[in-house]
Structures are given as C-alpha cells and as structure tokens.
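Below are the chains, spelled out letter by letter.
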Amino acid sequence: MDSSIDPLTTDPTDTDPITSTNWPTLIKEVKEDPDNKRDLRLTCDICFELMATSPGQNLGNLCHEAFILPCGHMFGQSCIEEWMKGARRRHYKYSCPACRATMKQHSKCGHPIRGRCIPPSRDEYPNVSSVRSEGGGQLSRCTRCVATGAIKLLKKLVGNHHVELEPGQTANLRLVSPDASQQFILPYIKGKEYRVDRNIDLPEHMHSVWARVQNRLNTEGEKSWFEMDIGRWELVLSVMDVRDEGEPNETVVEAGAAPGTKLFNIYGRE
C-alpha cells in the first residue's frame, strides 16, 4: 500500500480533485470542468482539515463550510470566526490570515466587511460578487443591515394586511435563502425560538416592492462585494409560534425552513 495515501482523507477514485483555496483560481478550474467530473477537496489553511462545500456534507467538524474572504482566500467558517474573535480581543484590525489584507468597515453601518460561505451548488458560483483582487467594490452597508432595512420597509406595508393570530403567535416577514439554510426574520427577539405555523399569501403590492428591491440588490451585487445573495432570496409572510428557547415545542416546521435554520437579526447571526 502506498504510504503517501491517507485513507481517512483521500478518496482513491478521486484522482484529480480541485484543491485551490483561492476563489478566483477555483472559479477558473470549475469553469474548465463543465461536467463536474472533478470533486472539490478544499483544505483549511488554519486547521488543515477539509472544508464542507455542499449542504449536508458531514466532515465531523460543525460549521466548517468553506468561507470566502473579500480578498479571495478561503478558510473554514468556524476557524475564521475564531481568528476574528482573537483579533477583536486584541484590538487588532480584522485581516486575512494568508495575505493580511485588512477587512475594512462599511462606511455607514460600521460593521466589518466579512466573508461569505461558498454557494451550495456550482451553478450559483457566478453569483458571487467580484473579490477585491478583481476590482470588486464595497457597499456602504453590510448585507445584514441592507436586508434588515428592506424588511423594515416591507413590514410597513403589512400594517394594513389583517392576520389572525392565536396567543403566543406573531406575524413575521422572512427572507429565506434558496436552500432554506439561512433566513432573516423580523421582528426578532433574542432568546426566543421561532417555528413556522403557516405561511400567508403576500399582497401583490408587496411582491412588487420586493421585486424592485431584488433588482437593485442584484445590480449592486454585480459590482460590489456581497456577503450573501439576498437579492435571490424569497420573501415570505409567516405566522410563527414564539417560545422561550428550550421550551418544549411540538410544532412541525415547514419544509421550507428546516430545523437548524440560522436566524439573523440586525446585529448578525444568533
């Protein structure tokens, strides 16, 4: 047996995987493989473990999705978040562990220009905004603040839309990612647990407003760095059961918002 092959990390049938952890280089290699014959095997340069590149991929390391920084370098999400926490504790500027490029702040909201997870499928790779090394610009507000502002605008339109609620329920607007792994929700109260009871048909004028917001987001996303493709997310009006975290909950979650869905509020991920 070839001692250079590690049976725990190497698939003997995968003879020519794509391994680049520089996003522009990876994109180039993916384009040269239109039939997806080459697997992605990306190793985090912080912990030297494999990074997840598709939904449901279990590598024994939670939250270790491949995470793209604005400079184009990629690391496991949990590793880069720990790196940023360490920088914050030491009052250092956020920077890329590979090239030391500084992660600047958005001019209006003041939040750092963060990275983003690799899209769940290769078909969505072209939607990722240009990284800084390719001339990508920066928005004045982070994606979370842009999304929250959009929902607040749309929420004003819900005021005239009557929704019947039972005790312990709220009517919430949600932006849900295409793979239902992430969502923004408003109103959102930290420490509360939200479960969908039912969805409600949105008034036509809300669809129209959201379509205009989407168009603007997608136009800006073509020339500026975006942490998430929220312009491609779905707007949903839901009646939700609200409980304190940890309280028993028998409510069945709808298929479009699977258990474990990440919740966001205006300050970031909870």
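As the structure is a computational prediction, the values presented were derived from the model and not from experiment.

A short note on the pattern of salt bridges
Here's step 1: Following the criterion strictly, the structure yields six salt bridges and no others.
Here's step 2: Across the salt bridge formed by Arg38 and Asp16, the nearest N and O atoms sit 3.3 Å from each other. Here the residue Arg38 occupies a position in the loop between helix H1 (23-31) and strand S1 (66-68), and Asp16 occupies one in the segment before H1, the gap between them amounting to 22 residues.
Here's step 3: Note on Asp16: relative accessible area 43%, which makes it partly exposed.

Quick word on the pairing of strand S5 (residues 169-176)
Here's step 1: In terms of residue burial, S5 counts as a mostly covered element, since six of its eight residues are buried.
Here's step 2: As paired elements, S5 and strand S9 (residues 234-244) share eight bridges and run antiparallel to each other. The partner of Arg174 across the bridge, within S9, is Val236.
Here's step 3: Between S5 and strand S6 (residues 182-186), which follow one another and run antiparallel, lie five residues, and Ala180 among them has a positive phi close to 60 degrees.

Section: unusual backbone geometry
Here's step 1: For Phe48, which is not glycine, the phi dihedral falls at a positive 65 degrees.
Here's step 2: Residue position: Phe48 is located in the loop between H1 and S1.
Here's step 3: The phi dihedral of Arg100 is positive, around 65 degrees, even though this residue is not glycine.
Here's step 4: On the secondary structure map, Arg100 appears in the loop between helix H2 (77-89) and strand S3 (116-117).

A look at the confidence of the model for the chain
Here's step 1: In this model, the chain carries an average pLDDT of 77, and 80% of its residues clear a pLDDT of 70 or more.
Here's step 2: Overall, residues 1-13 carries pLDDT values under 50, and its contacts beyond four positions in sequence, including any with other chains, amount to six contacts.

Regarding the packing of aromatic side chains
Here's step 1: Using the criterion set out here, one finds two aromatic pairs in the structure.
Here's step 2: With 5.6 Å between their ring centres and 40 degrees between their planes, Phe184 and Trp233 make a pair best called tilted. Pair noted here: Phe184 is in strand S6 and Trp233 is in the loop between strand S8 (224-225) and S9, with a separation of 49 residues, a long-range link.
Here's step 3: For Phe184, a relative accessible area of 2% gives the class buried.

Re the nonpolar core
Here's step 1: In this structure, Trp23, Leu26, Leu69, Met74, Ile118 and Tyr125 are the most contacted members of the largest nonpolar core, which totals 30 residues.
Here's step 2: Of all the secondary-structure elements, those providing two or more residues to this core are H1, S1, strand S2 (74-76) and H2.
Here's step 3: Apart from residues lying up to four places away in sequence, Trp23 is in contact with Ile68, Gly72, Met74, Ile118, Pro119, Tyr125, Val128 and Val131.

A few points about the pairing of S6
Here's step 1: Among the five residues that make up S6, five are buried, leaving the element largely enclosed by the rest of the structure.
Here's step 2: Pairing geometry for S5 and S6, over four bridges, is antiparallel. Paired with Val176 across the bridge in S6 is Gln183.

Structural notes on the environment of Arg232
Here's step 1: In this structure, Arg232 sits in the loop between S8 and S9.
Here's step 2: Counting along the chain gives 57 residues from Arg232 to Leu175, while the straight-line C-alpha distance between them is 9.5 Å.
Here's step 3: Here Arg232 is in contact with Asn127, Pro178, Gln214 and Asn218, once residues within four sequence places are set aside.
Here's step 4: A polar atom in the side chain of Arg232 sits 3.4 Å from the side chain of Asn218.

Conventions adopted
Residues numbered from 1 in each chain as written. Predicted model: local features only at pLDDT ≥ 70, side-chain atom pairs only at ≥ 80, totals over all residues. Heavy atoms only, no water. Salt bridge = Lys/Arg side-chain N within 4 Å of Asp/Glu carboxyl O. Helix = DSSP H or I, 4+ residues; strand = E, 2+ residues; numbered from the N terminus. Buried < 20%, exposed > 50% of the residue type's maximum accessible area, 1.4 Å probe, protein only. Pairing = 2+ DSSP bridges. pLDDT = per-residue confidence, 0-100. Contact = heavy atoms within 4.5 Å. Phe/Tyr/Trp six-rings, centres within 6.5 Å; stacked < 30°, edge-to-face > 60°. Core = buried A, V, L, I, M, F, W, Y, C linked by side-chain atoms within 4.5 Å. Polar contact = N/O pair within 3.5 Å; in protein donor to acceptor, adjacent residues only side chain to side chain.

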